[in-house]
Amino acid sequence: MSDLIAVTGATGLLGRLVVDQLLARTSAEHVVAIARNPDKVPVVLEKSVQTRIADHDDRAAVDAAVAGVDVLLLISGNEFGKRMAQHENVIRAAQQAGVSRIVYTSAPHADTSETAIVAEHKATELMIRESGLTYTILRNNSYHQNYVPFLEPARTTGAIIGSVRDGKVASADHVDYAEAAAVVLSSAGHENVAYELTGDTSWTYPELAATVADVLGTPVTYQDLSPAEHAEVLRASGVDGPTIDFLVQLDADVAAGVSAEATDRLRHLIGRPTTPLLDGLRAAAARLR
């Protein structure tokens, strides 16, 4: 492998894991870790990869960070309201640098879904296609680690609350998605395609509650509320307004089926079964302890 592979968001959980997976497939001199925050650089320096600093709001910094890069992983941003401009800076910089392929972490069925959670992913995918860059889209379903915040409240109250009705989620572990990204970044045959990546099976929120009960060793049930009731419970818990709106909308999207479909694409890319929800949550709980 002689290409220079760069990973944006390299100090985040997914980014760090992608770098680890790349180092299992190629040598450190072929990997560039792009970090937004210089204070977090030490978490990747120990891997002996080249590190470049670029706030995605700073186009000049992004241009410098992607110079000479052959294959670029754009891990979607998490600053709602800002990330479209940030994504555009990375995509335009990739065009200018002559990047041979851009890989983007998107959301389930982002090209066709009308759910609110995927709107910015849909716009980013369109921008990538219209850029003329060769691309690979990784439409990651939910992450097991997204449900870690349920653990402590469930330990205290014996319940998980939500407003997903009978919605299902085909989540997988960060490690699974990171390994798939590394496979795609470091091998050919993934040009101009979009992969729907999910866990091997989908689960309901009552099944999530049973899994959390296994992790905690205490009974846990799922309480399904109306969106208005859900918002009120969150408000009474001290959650701020924008976060309430986001969480209630997220549950509405789950209820609408945005995360329900399980495919075998992730399993095939990584060459093994995906990590079960129970194993992912147990590992996360152990790290918290």
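Numbering of residues starts from 1 in each chain and follows the order in which that chain's sequence is written. Two thresholds apply to this predicted model, a pLDDT of at least 70 for residue-level local features and 80 or more for giving and counting side-chain atom pairs, whereas whole-chain, interface and lining totals are computed over all residues. Values reported for side chains reflect all heavy atoms of the structure, with hydrogen atoms and water molecules removed beforehand.

Trainee: Requested: an account of helix α12 (residues 277-288), with residues and values cited.
Mentor: Secondary structure follows DSSP: runs of H or I at least 4 residues long count as helices, runs of E at least 2 residues long count as strands, and numbering of each begins at the N terminus. One less than the residue count of a helix, multiplied by 1.5 Å, gives the span that helix is expected to have. Relative to the 16 Å expected for 12 residues at 1.5 Å per residue, α12 spans 17 Å between its end C-alpha atoms, a close match to the ideal helical length. Buried residues of α12: L277, G280, L281, A284 and A285, and no others. In an axial view of α12, the angular spread of the buried residues amounts to 130°, which keeps them on one side of the axis. Those residues of α12 hidden inside the fold are in contact with α6 (151-157), β10 (203-204) and α8 (205-216). Note on exposure labels: buried denotes an accessible area under 20% of the residue type's maximum, exposed denotes more than 50%, and partly exposed covers the range between, all computed with a 1.4 Å probe on protein chains only. Arc definition: it is the arc formed by the directions from the helix axis to the C-beta atoms. Two residues qualify as a contact provided that any one of their heavy atoms is within 4.5 Å of a heavy atom in the partner residue.

Trainee: Just give me the short version of the environment of T156, but keep the residues and values in it.
Mentor: Locating T156 in the fold gives a position in helix α6. The sequence separation of T156 and S171 amounts to 15 residues, and the corresponding C-alpha distance is 25 Å.

Trainee: For the sheet that holds strand β5 (residues 101-106), give the residues involved together with the corresponding values.
Mentor: Pairing between strands is defined by DSSP: at least two bridges between them are needed. An order of β3-β2-β1-β4-β5-β6-β9 is seen for the seven strands of this open sheet, with the pairing classed as parallel. On the outer flanks of this sheet lie β3 (50-53) and β9 (193-197), each paired with one strand and no other. Neighbouring strand axes in the sheet, compared pairwise and without regard to direction, differ in orientation by 20° on average. Here four bridges tie strand β4 (residues 71-74) to β5, and the two strands are oriented parallel to one another. Looking across to β5, one finds that V71 is bridged to R101. Only the contacting stretch of a helix is used when fitting its axis, a line to C-alpha atoms as for every element, and angles between N-to-C directions run 0 to 180 degrees. Strand contacts of helix α1 (residues 13-23): β1 (5-7), β2 (31-35), β4, β5 and β6 (135-140), with the helix running at about 160° to β1, the strand carrying the most contacts. Lying on the sheet, helix α4 (residues 83-97) is in contact with β4 and β5; it crosses β4 at an angle near 175°.

Trainee: Which residues make up the pattern of salt bridges, and what values go with them?
Mentor: Any carboxyl oxygen of Asp or Glu within 4 Å of a side-chain nitrogen of Lys or Arg constitutes a salt bridge here. This model, assessed by the stated rule, comprises 15 salt bridges. E120 is the salt-bridge partner of R83, the closest N and O atoms lying 2.6 Å from each other. Separated by 37 residues along the polypeptide, R83 in helix α4 and E120 in helix α5 (residues 119-131) bring together distant segments of the chain. Neither R83 nor E120 differs from the other in exposure class; each is buried. Counted as one network, the salt bridges with shared partners bring together D111, E125, R129, R139 and E196.

Trainee: Run through the packing of aromatic side chains, naming residues and quoting values.
Mentor: Each Phe, Tyr or Trp ring, with Trp reduced to its six-membered ring, pairs with another whose centre is within 6.5 Å; inter-plane angles below 30 degrees give stacked pairs, above 60 give edge-to-face pairs, and intermediate values give tilted ones. Across all of its chains, the model carries six aromatic pairs by this definition. Ring plane angle 45° and centroid distance 5.7 Å describe the contact between W203 and Y205, whose orientation is recorded as tilted. Each member of the aromatic cluster is reached from another via a ring pair, and the members are Y147, F150, W203, Y205 and Y222.

Purely geometric stuff here, so don't read any function into it on its own.
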